[in-house]
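# Remarks on the overall topology
Okay, here's what each chain looks like letter by letter:
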Amino acid sequence: MCTAATYNTRCHYFGRNLDLEYSYHEQVAVTPRNYPFQFRNVKSVMKHPAIIGMAFVVDGFPLYYDAMNEKGLGMAGLNFPDNCDFKDPQEGKDNIASFELIPYVLSLCSTTEEAKVLLSHVNITNEPFSDKLPTNPLHWMVADGKDVIVVEQTASGLHVYDDPVGVMTNNPTFDMQMNRLADYRNLSVESALPCAFAKGLDLHPYSRGMGGMGLPGDLSSASRFVKVAFTRMNSLSDDSESASISQFFHILGSVEQQRGLCKLGEDKYEITIYSSCCNLDLGIYYYTTYENSQISAVDMHHENLDGDTVVTYDLIKGQQVHYQN
Ligand SMILES: C[C@H](CCC(=O)NCCS(=O)(=O)O)[C@H]1CC[C@H]2[C@@H]3CC[C@@H]4C[C@H](O)CC[C@]4(C)[C@H]3C[C@H](O)[C@]12C
């Protein structure tokens with residue numbers, strides 16, 4: 001399971017939690033402008049905006065989980081089992097393999113609006129990256145500083161939804177997630193609204209925060225959607241970089257997965273392997289890992305962006321304790 005979110009202050013932020021019980025060898029990967037993207041069915045893109053994000057780099061190719069380009073467009077892939085339907089290549093469509101979709105969109109678009117146009121010709125195909133890396137079911141969130149969309153391909157075809165809450169998780173499909181939000185329409189950040197339970201009954205609010213009573217707290221994707229939407233939509237912070245990224249990681253923290261709570265088998269538990277936060281304006285990729293709560297960062301503009309090979313950074317995974325005496 002995973003969660004993605006956006007947050008806007010003076011700058012625009014985009015990121016995700018990656019929740020999983022195992023890990024590939026993911027790294028922060030910078031793809032410079034002259035790295036040639038060779039796609040299976042459409043023509044190569046030899047020159048494009050630079051891209052930074054989390055990727056499993058195989059044979060020099062960045063298999064991005066989430067990334068942004070230097071124009072300020074971000075995109076993240078999240079698990080989408082059962083509903084997802086990647087198809088065989090189709091005549092008359094731009095056939096893009098699922099693992100190519102992030103590079104394809106981020107190398108050809110600067111805005112969500114442009115991504116919508118590009119995606120309107122796309123059929124996402126089931127072609128695997130390799131025998132060792134079969135296709136996995138995914139759906140995507142795409143965001144610039146202005147608009148957020150969700151991209152899902154199901155049996156009925158490719159759907160692009162406007163996302164007014166700036167978050168997404170996993171199943172069910174995005175339209176159903178939005179419908180379910182109405183079940184929570186009475187939740188409020190107010191501590192003590194007048195009692196609406198029944199006439200003649202004045203139930204005393206014995207605690208702060210009771211306006212949010214009923215907000216789900218379990219780890220299912222449907223519950224995380226409601227929890228993170230409520231958190232994200234009501235989030236406030238100063239507009240400094242420090243205050244903004246702190247708030248962003250708190251938004252993702254509202255739906256993080258602690259080891260032991262989501263059991264998948266004998267000694268197998270899903271945890272939040274990493275949380276990421278892209279500053280879409282500055283090209284900085286921030287992240288934390290399950291055991292490293294200190295925020296680490298890679299700034300794309302500290303690299304030579306005119307190169308032609310992917311540059312990677314290993315994740316700093318150990319806890320960084322700041323001893324004070
Ligand atoms: C599994 C992850 C989602 C996390 C999640 O939701 N886990 C709950 C599982 S469960 O729902 O609880 O069972 C997703 C998110 C991004 C994905 C990679 C994208 C690039 C590449 C695409 C290739 O085609 C296949 C290999 C590849 C490395 C992908 C592997 C895997 O698919 C990644 C890590």
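Since we're looking at a predicted model, the values are computed, not measured. (Residues numbered from 1 in each chain as written. Predicted model: local features only at pLDDT ≥ 70, side-chain atom pairs only at ≥ 80, totals over all residues. Heavy atoms only, no water.)

## Quick word on the overall build of the protein
When its secondary structure is counted, the protein shows five helices and 18 strands. Its C-alpha radius of gyration of 20 Å places the protein within 12% of the 20 Å reference for a compact globule of 325 residues. Along the longest, intermediate and shortest principal axes, the C-alpha atoms of the protein span 70 × 60 × 45 Å. Relative to its 325 residues, the protein shows a buried fraction of 51%. (Helix = DSSP H or I, 4+ residues; strand = E, 2+ residues; numbered from the N terminus. Rg over C-alpha atoms; globule rule 2.2 N^0.38 Å. Buried < 20%, exposed > 50% of the residue type's maximum accessible area, 1.4 Å probe, protein only.)

## Thoughts on the layout of surface pockets
The calculated volume of the largest pocket comes to roughly 660 Å³. Around the largest pocket, the lining is made up of 30 residues, and of these Tyr24, Tyr65, Pro134, Asn136 and Leu138 lie nearest the centre. When the residues that make up the lining of the largest pocket are grouped by side-chain class, the tally is 19 nonpolar, five polar and six charged. Within this model, the second largest pocket holds a volume of roughly 570 Å³. Of the residues contributing to the lining of the second largest pocket, the split by class is 12 nonpolar, five polar and two charged. (1 Å grid on protein atoms, 1.4 Å probe; cavity = no way out; pocket = protein on both sides within 12 Å on 5 of 7 lines; lining within 4 Å. Points joined across faces, edges and corners; volume = space filled by probe spheres on them. Nonpolar A, V, L, I, M, F, W, Y, C, P; charged D, E, K, R; others polar.)

## Thoughts on the sheet that holds strand E9 (residues 138–143)
With antiparallel pairing, the eight strands of this open sheet are ordered in space as E11-E10-E9-E6-E5-E4-E3-E18. Sheet topology places strand E11 (157–162) and strand E18 (311–313) at the edges, where each strand pairs with a single neighbour. Going across the sheet, the axis of each strand differs from the next one's by a mean of 30°, ignoring polarity. Direction of pairing for E9 relative to strand E10 (residues 148–154): antiparallel, over a ladder of four bridges. (Pairing = 2+ DSSP bridges. Axes fitted to C-alpha atoms, helices over the stretch in contact; angles between N-to-C directions.)

## Thoughts on the environment of His204
Note on placement: His204 falls in the loop between helix H3 (174–181) and helix H4 (221–233). For the pair formed by His204 and Ala192, sequence separation is 12 residues and the distance between their alpha carbons is 8.7 Å.

## A word on the UniProt feature "domain: Choloylglycine hydrolase/NAAA C-terminal" (unreviewed entry) in the protein
The UniProt entry lists residues 2–313 under the feature "domain: Choloylglycine hydrolase/NAAA C-terminal" (unreviewed entry), expressed in the numbering used here. Across residues 2–313 one finds 16% helix and 33% strand; the C-alpha atoms that close the span lie 22 Å apart. (UniProt positions renumbered as here; feature names shortened; annotations may be inferred.)

## Let's talk about a nonpolar patch on the surface
Taken together, Phe197, Leu201 and Leu203 make up a surface patch of nonpolar side chains, about 330 Å² in accessible area. With respect to the helices, strands and loops of the structure, Leu203 is situated in the loop between H3 and H4. Given the relative accessible area of 45%, Leu203 is considered partly exposed. (Patch = residues over 30% accessible without salt bridge, like charges linked within 9 Å, V, L, I, M, F, W, Y side chains within 5 Å. Areas by Shrake-Rupley, 256 points an atom, 1.4 Å probe, with all protein chains shown as cover. Salt bridge = Lys/Arg side-chain N within 4 Å of Asp/Glu carboxyl O.)

## Some thoughts on the packing of aromatic side chains
Each aromatic ring pair is summarised here by two numbers: the centre-to-centre distance and the angle between the ring planes. Taken as a whole and assessed by the stated rule, the structure comprises 13 aromatic pairs. Residues Phe37 and Phe39 carry aromatic rings whose centres are separated by 6.0 Å and whose planes lie at 10° to one another, so their mutual orientation is stacked. No difference in accessibility class separates Phe37 from Phe39, as the two residues are buried. With a centroid separation of 5.9 Å and an interplanar angle of 80°, the aromatic rings of Phe174 and Phe225 are classed as edge-to-face. In this pair, Phe174 is assigned in helix H3 and Phe225 in helix H4, connecting sequence segments 51 residues apart. (Phe/Tyr/Trp six-rings, centres within 6.5 Å; stacked < 30°, edge-to-face > 60°.)

## So, the confidence of the model for the protein
Mean pLDDT over the protein stands at 97; residues scoring 70 or higher make up 100%. Interface confidence for the predicted complex, expressed as ipTM, amounts to 0.93; the pTM equals 0.97. (pLDDT = per-residue confidence, 0-100.)

## Section: helix H5 (residues 241–253)
Here H5 is 13 residues long and its end C-alpha atoms lie 18 Å apart, about the 18 Å a rise of 1.5 Å per residue gives. Along H5, the positions that sit buried rather than exposed are Ser244, Ile245, Gln247, Phe248, Phe249, Ile251 and Leu252. Those residues of H5 that are buried are in contact with strand E1 (2–8), strand E2 (12–20), H4, strand E15 (271–279), strand E16 (284–289) and strand E17 (292–299). (Expected span 1.5 Å × (residues − 1). Contact = heavy atoms within 4.5 Å.)

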